[in-house]
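Letter by letter, the chains look like this.
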Amino acid sequence: MESRSRRFKSNALAALANPVLQGNLKMAKGKFVDKRAIAIKEIDDFEGTREAAKNLRNRVLENLDLWLEKFEENATARGATVLWAKDGAEICRHVVEIGKRHGVKKAAKSKSMLSEEAGLNHALTAAGIQPVETDLGEYILQINDNEPPSHIIAPVMHKGLDEVADLFEKTHKTPRKTEIPALTREAREVLREHFLTADMGISGGNFLVAETGSVALVTNEGNGRMVTTLPKVHVVVTGIEKVIPTLEDLSTLMRLLPRSATGQSISNYVSVLTGVKQPDDHDGPEHLYFILVDNGRAELVGSEFQDMLRCIRCGACMNHCPVYQTIGGHAYGWVYPGPMGSILTPLYTGIENAIDLPHAATLCNQCGVVCPVKIPLPELLRKLRETQVETHLRPWFERLALKGWAWVASHPALYGLGTWFGVRYLKWLAGGKASIPVLGTAPGWTAGRDFPAPEGRTFREQYAAMRAERRKSS
Amino acid sequence: MSSREDILGRVRAKLGRDAANAATGRDTVAATLAERTQGPRPHVNPEKSALAGRFIDQSLAYSSSVDRVKTRAEAPAAVARYLADQQLPAQAVIWPQLAGLDWAGAGVKVAARGAEDADLVGITGCFCAIAETGTLMLCGSPDTPATVSLLPETHIALVSASRIVAGMEDGFALARAELGRLPRAVNFVSGPSRTGDIEQTIVLGAHGPYRVHLILLDNE
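By convention here, each chain's residues receive numbers from 1 onward along its written sequence. Chain labels run from A onward and ligand labels from 1 onward, assigned in the order the entries are written. Given that this is a predicted model, residues contribute local features only at a pLDDT of at least 70 and side-chain atom pairs are listed and counted only at 80 or more, while totals for whole chains, interfaces and linings are drawn from all residues. Where side-chain values are given, they derive from all heavy atoms of the structure, hydrogens and water being excluded.

A.B. asks: It is not clear to me how helix α13 (residues 247-261) of chain A should be interpreted in this structure. Could you clarify?
C.D. replies: An α-helical turn contains 3.6 residues, so a residue and the one three or four places further along point in the same direction. All names here are of chain A. Put simply, DSSP marks the helices as runs of H or I at least four residues long and the strands as runs of E at least two long, and each gets a number from the N terminus on. One less than the residue count of a helix, multiplied by 1.5 Å, gives the span that helix is expected to have. A rise of 1.5 Å per residue sets the reference length of α13, with its 15 residues, at 21 Å; its end C-alpha atoms lie 21 Å apart and thus fit the reference within 8%. By the N-cap criterion, in which a side-chain oxygen at the helix start approaches the backbone nitrogen of a residue two or three places on, α13 is capped by Thr-246, the distance to Glu-248 being 3.3 Å. Within two residues after α13, Gly-263 carries a phi angle of roughly 75 degrees, on the positive side. Any pair of nitrogen or oxygen atoms within 3.5 Å is treated as a polar contact; in protein, a donor-acceptor pairing is required on top of that, and neighbouring residues in sequence qualify only through side-chain atoms on both sides.

A.B. asks: Looking at this structure, I do not really get the domain arrangement of chain A. What am I missing?
C.D. replies: How big an interface is tends to be reported as the loss of accessible area on association of its parts. Its domain assignment divides chain A into domain 1 (45-299) and domain 2 (411-473). Per the annotation, domain bounds derive from an automatic or database assignment of domains. Using only C-alpha atoms to locate each centre, domain 1 of chain A and domain 2 of chain A end up separated by 55 Å.

A.B. asks: Whenever I open this one, the domain arrangement of chain B confuses me. Can you help?
C.D. replies: When the domains of chain B are assigned, the result is domain 1 (3-35) and domain 2 (48-217). Here domain 1 of chain B and domain 2 of chain B have C-alpha centroids that lie 42 Å from each other.

A.B. asks: Got a minute to help me understand unusual backbone geometry in this structure?
C.D. replies: Of all residues except glycine, most have a negative phi; of all peptide bonds, most are trans. All names here are of chain A. At Asn-295, a residue that is not glycine, the phi angle is positive and equals roughly 45 degrees. Mapped onto the fold, Asn-295 is located in the loop between β10 (287-293) and α14 (297-300). Working definition: with a 1.4 Å probe on protein chains only, accessible area under 20% of the residue-type maximum means buried, over 50% means exposed, and in between means partly exposed. For Asn-295, a relative accessible area of 16% translates into the label buried. Phi at Leu-363 is positive, roughly 55 degrees, even though this residue is not glycine. Within the fold, Leu-363 resides in the loop between α17 (338-349) and α18 (366-370).

A.B. asks: Before we go on, may I ask you to explain the pattern of salt bridges in this structure?
C.D. replies: When their charged atoms lie close together, side chains carrying opposite charge are able to pair. Salt bridge, as used here: a side-chain nitrogen of Lys or Arg that lies within 4 Å of a carboxyl oxygen of Asp or Glu. The final tally for this structure, using the stated rule, is 42 salt bridges over all chains. Between Arg-185 of chain A and Glu-153 of chain B there is a salt bridge, with its nearest N and O atoms 2.6 Å apart. Of the two residues, Arg-185 of chain A sits in helix α11 (residues 180-197) while Glu-153 of chain B sits in the loop between β6 (135-139) and β7 (154-160), which places them in two different chains. It is possible to trace a salt-bridge network through shared partners that takes in Asp-65, Glu-69 and Glu-72 of chain A together with Arg-4, Glu-5, Arg-12, Arg-17 and Arg-26 of chain B.

A.B. asks: Looking at this model, I keep getting lost on the environment of Leu-161 of chain A. Mind explaining?
C.D. replies: Following the sequence through the fold, Leu-161 of chain A ends up in helix α10 (residues 161-172). The sequence separation of Leu-161 of chain A and Asn-24 of chain A amounts to 137 residues, and the corresponding C-alpha distance is 9.5 Å.

A.B. asks: I would appreciate a short explanation of the interface of chain B and chain A in the present structure.
C.D. replies: Any two residues whose heavy atoms approach within 4.5 Å at even a single point are treated as in contact. Of the residues lining the interface, 76 residues belong to chain B; the matching set on chain A comes to 103 residues. Two parts lose some accessible area (1.4 Å probe) when they are put together, and adding that loss for both gives the buried area. A buried area of about 7700 Å², summed over both sides, lies between chain B and chain A, and 55% of it is on carbon and sulfur atoms. Put simply, chain B and chain A have 15 salt bridges between them. Note that Lys-14 of chain B is salt-bridged to Glu-299 of chain A, the shortest N-O span being 3.6 Å. Linking chain B with chain A are 48 residue pairs in polar contact (both at pLDDT 80 or more). Counting residues per element, the ones that place at least two in the side of chain B that touches chain A are α1 (3-15), α2 (19-35), α5 (168-179), β9 (185-189) and β10 (194-195) of chain B. With 10 residues, the top contributor of residues to the side of chain B that touches chain A is α1 of chain B. Taken together, the residues of the side of chain B that touches chain A sort by class into 31 nonpolar, 25 polar and 20 charged. Residues are grouped as follows: Ala, Val, Leu, Ile, Met, Phe, Trp, Tyr, Cys and Pro are nonpolar; Asp, Glu, Lys and Arg are charged; all remaining types, including Gly, are polar.

A.B. asks: What should I look at first to understand the side chain of Gln-388 of chain A in this one?
C.D. replies: Residue and element names in this part refer to chain A. Inspection of the secondary structure assignment puts Gln-388 in helix α19 (residues 377-390). The class of Gln-388 is buried, set by a relative accessible area of 0%. If we ignore the near neighbours within four places in the chain, the residues touching Gln-388 are Ile-351, Ala-354, Ile-355, Pro-358, His-359, Leu-393 and Arg-394.

A.B. asks: Any chance you could explain the pairing of strand β7 (residues 233-239) of chain A here in plain terms?
C.D. replies: Look at any regular strand and the pattern is simple: side chains alternate between the two faces of the sheet. Residues and elements named next belong to chain A. Most of β7 is tucked away, with seven of its seven residues classed as buried. Of the two faces of β7, the one holding Val-233, Val-235, Val-237 and Gly-239 and the one holding His-234, Val-236 and Thr-238 are both buried throughout. Strand pairing is assigned whenever DSSP identifies at least 2 bridges connecting the two strands. In this structure, strand β4 (residues 200-203) lies alongside β7, joined through four bridges in parallel fashion. Of the residues in β7, the one forming a bridge with Gly-201 is His-234. Note that β7 and β10 share seven bridges and pair parallel. Bridged to His-234 within β10 is Leu-288.

A.B. asks: I'm lost on the sheet that holds strand β12 (residues 211-217) of chain B in this one. Help?
C.D. replies: Paired through their backbone hydrogen bonds, the strands of a sheet run either parallel or antiparallel. All names here are of chain B. Across the sheet, six strands lie side by side as β1-β12-β7-β4-β2-β3; this open sheet has parallel pairing. Looking along the sheet, the strands with just one partner apiece sit at the ends: β1 (65-69) and β3 (109-112). Looking at each pair of strands side by side, their axes are set apart by 25 degrees on average, direction ignored. Bridge count between strand β2 (residues 91-94) and strand β4 (residues 121-124): two bridges; the pairing is parallel. Bridge pairing links Ile-94 to Ile-123 in β4. Lines fitted to C-alpha atoms define the axes here, with helix axes fitted over just the stretch in contact, and angles between the N-to-C directions of these axes take values from 0 to 180 degrees. Contacts from helix α3 (residues 48-61) reach β1, β7 and β12 within the one sheet, and its direction differs from that of β1 by about 150 degrees.

A.B. asks: Could you clarify how one ought to interpret the environment of Lys-105 of chain A in this entry?
C.D. replies: Residue and element names in this part refer to chain A. Structurally, the position occupied by Lys-105 is in the loop between α6 (88-101) and β2 (106-109). Exposure remark for Lys-105: the relative accessible area of 61% places this residue in the exposed category. It is 6.6 Å that separates the C-alpha atoms of Lys-105 and Asp-199, two residues lying 94 residues apart in sequence. When near neighbours in sequence (up to four residues on either side) are disregarded, Lys-105 contacts Gly-128, Ile-129, Gln-130 and Asp-199.

A.B. asks: Before we go on, may I ask you to explain the sheet that holds β7 of chain A in this structure?
C.D. replies: Residues and elements named next belong to chain A. On the basis of which strands lie adjacent, the open sheet formed by six strands has the order β1-β10-β7-β4-β2-β3 and parallel pairing. With one partner strand each, in any of the chains shown, β1 (81-85) and β3 (130-133) form the two edges of the open sheet. Averaged over all neighbouring strand pairs, the angle between strand axes comes to 20 degrees, with direction disregarded. Direction of pairing for β2 relative to β3: parallel, over a ladder of four bridges. Residue pairing in the sheet places Lys-109 in a bridge with Glu-133 of β3. Docked against the sheet, helix α5 (residues 64-77) engages β1 and β10, running at close to 145 degrees with respect to β1.

A.B. asks: How do you make sense of helix α3 (residues 31-39) of chain A when you look at a structure like this?
C.D. replies: Residues and elements named next belong to chain A. For α3, the complete set of buried residues consists of Phe-32, Arg-36 and Ala-39. End-on view of α3: buried residues confined to an arc of 65 degrees, all on one side of the axis. Structurally, α3 contributes buried residues whose contacts are with α4 (46-62), α13, α15 (316-319) and α18. Our arc is simply the arc of the directions from the helix axis toward the C-beta atoms.

Here it is in C-alpha cells:
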C-alpha cells in the first residue's frame, strides 16, 4: 500500500473537520477501553502475565534466525512449503505464482495486515484471480472501492450504520436494511457462496509455533476457519517476527491478546493449524504455503527499535490514544494507525516519508501502560524524534533552537539568568491574568490552547527563599 | 542469493551470529522447547465438580446454552428435546465418531460425515473442554471433521465431564499424551460466531453457527 503519511497534517485537519467521522469516532470512543478494563481483572496476575509475554517474545528475538529455522523445519516436516519474501512485491509474486500453479480463480481472504502492506488484492486482480475479503469489516471496505482500513481490529470503526446500509443496497441490489443483524445476515449469505467456491484461502497468522510448525489464527466471525478448511490451497502471509517457541507460550499470549484487543476473555475461535489434509480427512487444504515476510522487520533486529518487534497487533495502543480517538486511523496514512503505526510507518516506509507521525502523540504513555507485551511506545516515539534531528530531517530553525537550548541548559548561570528574565517577561505579558492567549514567539503553540502564565519568580528563587525561611524558623 | 538467505543473513548479521554463539543459541532453543515454561495462570479449582461449574458459567457468558444429562446414552434424547424446543427439524450431520449412539431411537435423523452448506444442525463431541474460558477443544480427524462445528447454523456438542481441564496448556498436554502429534486442525471454540464490526455492536452468527448448545455428560 502506498503511504500517504507525508500528508499527515492535512489528513488530520480534514478528519477533524469531517462531522460524520467525528460522530462515528465519538460513538466508538471508550468501548474497547471499558471492556478491556473489565476483562483484565479476570486474570489474577495480569502484570506477571504481561511480563511473561514480554520475556517470551524477547527470547525469540534474541535468536530469531534459529527460531525461524526451527519453525521452517517443523512446518516442512508436516507437508507445508515455506517461502520467504523481502518486500510487498515479493509477497504478491509468490501468491500469484501459487495461484497460477493450482489453477486458482478465486481467493477467499481472512484478515491480513501484511496483505495490506503488499497491496495484494490489486496484484491478484491484475493476475486474473478474484480476491474476496471475508472479515465483515474488510468486506465492507472492499465493496467501497477498496478503501483502506482505519483500525487493525475494527477496520470500519470510522463508518456508521447508514453508510454500510447504503453500500449493501448498492452492491447487493437488495432492499435497504437498517438493522445490524440483518446486514450481518446478508453479508453471511453473500460470503458463504464465496467460501464454498474459492480455490484458495489466504490468511495472516497471529503466531507461528516453532515446536509444531503450526500457524495460530484468532477470529470471532469464523471466517479464519472457513478459509483454512474449505479451499484446496491455503496461503499464510505473516511477518518473520511472529514466531513463538511453544504451545505453552501460545496459551500465555491468548490470555492477553483478546483481552487487550476487544476486551474478550477469549476470541470465539482460536485455530492451531499444522500441515496439509491427510488421505482420509473430510476437509482441509491439500497444499499449505507459509510466506515469511521481512519488509523492514530484519532491520529492527538488534537495533534500538527491536522492542517494536514484540508487537502482537492487538490495537490496545490506538484504542487508548487520545490522538487516534480524535482523528481516526486514516489520517496516519499507511497500514498501521495509532502509536504502533507512528513507529512502524517511519521504520518500514522510510523515516523521511512519515516525518509528522512520531510527533502525533502527547507522550501521555497510556499506550505504554496497556501494551500487553510492554513495548515502551512513548520512548520509541521519542527516539524517532531524536533520529529526525540527528539526520537533519527537522527544519533548520528547529535544530538551531534545540542546539541553542542545549547550550544554555548546560551553562547553569546563563540558564538561571535566562529564566529570571523569562518568568518576569511572561508575567508582564499576561498582565495579571492566569494565562496568555497568544504567544508572539510561538503563535502555533497557542493556536489550540492558552499558555499558563508564570507566577513571577523562578523555581530556583522560590526554592532558595523556602530554604531561608526554614533556616530562620529552626 | 535467495530471499531466504538474504533475510536470514541480515538477521544473523544484526544478531552478530558466529559459529560459537550459534551453538549456544541452538542449545537455548532446544532447552526452551524441552522446558515448556508456562506463564502465570489464573486460579481454577481442579475439583471435578468445580471444573464443570466453571466451564458452564463461562460457556453461558459466551452465549452458549447448556443442558446436563448423566450418560452418553441419554444424549440423543437431550438433542431431540433441544431441537424440538428450538423448532428445528430433527435432522443433523454428526461426527462419524458419534454414529454408534441410538439416534433413531430418539427420533433424530443423522448423517455421519463432513458437513455441507445445506446442513442446518451439526453434532460433535470434543477432544476436551477448557474450564477457564468455557471453550471446546476440537481435534480434526476423519472421525471428527472440522466442518460439522462450522457450517451449520446450530452446533450441538457433547462434553464428557471427565474431559474438562483447567486451561489451554492442559488441553495441549492431553493432545501430546493421547495423539502424539497435533492433528491438522485444532479448533478452540467458545460460543457462537460473532462480529462487532458495525458500530461495535455484537451480533451472533457471523460466518459460523448462530447458536452453540452444550450437553454435559456428568458421568462420562
